[in-house]
Amino acid sequence: MTDATPGGAGGSVRGWGDGTRSVRAGEPAPQPGAPLRPSPVFAAPYHLGDLPPRSGGADAYARTEHPTLRVFEAAVGELDGGRCLSFATGMAAVSAAVLAVTGAGDRVVLPADGYYTTRLLAREELERFGVRVEYVPTLEIEEVAARGDLAGAALVVLETPSNPQLDVCDIAAVARATRAAGAVLAVDNTTATPLGQRPLDLGADLTVGSDTKALTGHSDLLLGHVSTTDDRLYARLKAFRDHTGGTPGAFEAWLGHRSMSTLDLRLARQAATAAAVAELLAAHPAVTGVRWPWRAGDPSARLAARQMLRPNGVVSAELADEAAVGRLLAASRLWTAATSFGGVHSTLDRRAQWGGDAVPAGFVRLSCGIEDTADLVADLAAALDAL
Ligand SMILES: *Cc1c(COP(=O)(O)O)cnc(C)c1O
């Protein structure tokens, strides 16, 4: 293969704004006659000719690498500020980040209130292999780190803002403690997206994302990734992916890259809507516990403003009970019952129906889409008044 080395219009995109970076990150230098964005290359094996496998960039077999994946990974890696490895789903990426750096007898610290399947991965898979797992709430991890209680840990995982309760912890403070303890720090950055927060710049060793959510943002594909600035960790994760086979195919990588181009625009609309929705919910007598880390007075606001780069469209709140959520959904035309978040459609998810999250029956996570803010607010206001 002679594809040009990706690097954002043939060079680094650092210094450009989010819109430019969303479009141009990872792109090869322009070549006359070539498409603006490389087309997907659909192949499992490649002609070897008389080249020994993996000599000087020649593609041989797509499980280990392929041209479409290289361009997509270059793009995501530039937004993260590291080298990216893409995976077939967010959980494949989380699994790689956790399993590639731990072994029997190791101590692993996970968020007690983060994505539920990450806890299932620990409880039902990791623990079978003799890994000792501890669960610490997002709001307590800084204190645990400050006390020196991360000493002896091999891996610490943060999820900030946590999903679904949107608590925020101080990545840089925990990173100092994990460095001192000799542990690896991984941050699940799914809710923030690589434009909203750069854990690697804050001292994390790994940043992990479910790109099923806002990064690709159209509710039509599954992807995940891990990025790092550490070449040794990169090599370990790359080997893990080669051995376990969570590599995305060309269609997903191409569509993920195409979808990512609009990330800046989508986040801007979603955040503007979230600001209005959070105010509407907070002012309504049928709603309590509204959370959006950029709302003045939110318990996460001070830290979010300091460590995050921009807001997004995920809001959480509490209605009276399950029946109230049902009535709200029935009265709404634009807020659709669906799990996941970060897509172009506005959705509302009653989290307790999934089990796992220790949240009240009426707790909902709202994901603001990219429909008109005024329409979404008017529709939600009418549905709330029908309660
Ligand atoms: C959705 C999600 C995941 C898992 O991603 P999938 O693409 O569904 O496998 C992991 N972490 C967080 C915070 C998520 O929201």
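Right above here is the structure, for reference.
Everything in this summary refers to the structure shown in the same document. Since the structure is predicted, the reported quantities are computational estimates derived from the model, not experimental observations.

Glancing now at the environment of Ser 316. Within the secondary structure layout, Ser 316 lies in strand β9 (residues 314–318). Note on Ser 316: relative accessible area 0%, which makes it buried. Ser 316 sits 151 residues away from Gln 165 along the chain, and the two C-alpha atoms are 6.6 Å apart. Not counting residues up to four positions away in its chain, the partners in contact with Ser 316 are Pro 164, Gln 165, Leu 166, Gly 289, Val 290, Arg 291, Phe 363, Val 364 and Arg 365.

Secondary-structure assignment places His 257 in helix α8 (residues 250–260). When its relative accessible area of 4% is taken as the criterion, His 257 is described as buried. Separated by 106 residues in the primary sequence, His 257 and Ala 151 place their C-alpha atoms 39 Å from one another. Excluding its chain neighbours within four sequence positions, the residues that come into contact with His 257 are Ala 25, Arg 37, Val 71, Phe 72 and Ala 75.

The next subject is the site of the ligand. Taken together, 13 residues are adjacent to the ligand, and Gly 90, Met 91, Asp 188, Thr 212 and Lys 213 come closest. Contact between the ligand and Met 91: an oxygen atom at 2.8 Å from a main-chain N or O atom of the residue. Within the side chain of Asn 163, a nitrogen or oxygen atom sits 3.1 Å from an oxygen atom of the ligand. When the ligand is considered free in solution it has 380 Å² of accessible area, and contact with the protein chains removes 93% of it. Within the shell around the ligand, the residues separate by chemical class into four nonpolar, six polar and three charged.

Let's shift gears to the side chain of Thr 102. In this fold, Thr 102 is placed in the loop between α3 (90–99) and β2 (107–111). A distance of 2.6 Å separates a polar atom in the side chain of Thr 102 from the backbone oxygen of Val 98.

In this fold, Arg 302 is placed in helix α10 (residues 301–307). What makes Arg 302 exposed here is its relative accessible area of 63%.

A few words on the sheet that holds strand β10 (residues 336–337). With respect to topology, five strands assemble into an open sheet ordered β8-β9-β12-β11-β10, the strand pairing being mixed. The open sheet has two edge strands with one neighbour each: β8 (288–291) and β10. The sheet contact formed by β8 and β9 spans two bridges and is antiparallel. Following the sheet pairing, Thr 288 is matched in β9 by Glu 318. Packing against the sheet, helix α9 (residues 263–282) makes contact with β8, β9 and β12 (363–367), and its axis sits at approximately 10 degrees to β9. Along the sheet face, helix α11 (residues 322–331) touches β10, β11 (347–350) and β12 and points at about 165 degrees away from the line of β11.

Scoring rules and cut-offs
Residues numbered from 1 in each chain as written. Predicted model: local features only at pLDDT ≥ 70, side-chain atom pairs only at ≥ 80, totals over all residues. Heavy atoms only, no water. Helix = DSSP H or I, 4+ residues; strand = E, 2+ residues; numbered from the N terminus. Buried < 20%, exposed > 50% of the residue type's maximum accessible area, 1.4 Å probe, protein only. Contact = heavy atoms within 4.5 Å. Near = heavy atom within 4 Å. Polar contact = N/O pair within 3.5 Å; in protein donor to acceptor, adjacent residues only side chain to side chain. Areas by Shrake-Rupley, 256 points an atom, 1.4 Å probe, with all protein chains shown as cover. Nonpolar A, V, L, I, M, F, W, Y, C, P; charged D, E, K, R; others polar. Pairing = 2+ DSSP bridges. Axes fitted to C-alpha atoms, helices over the stretch in contact; angles between N-to-C directions.

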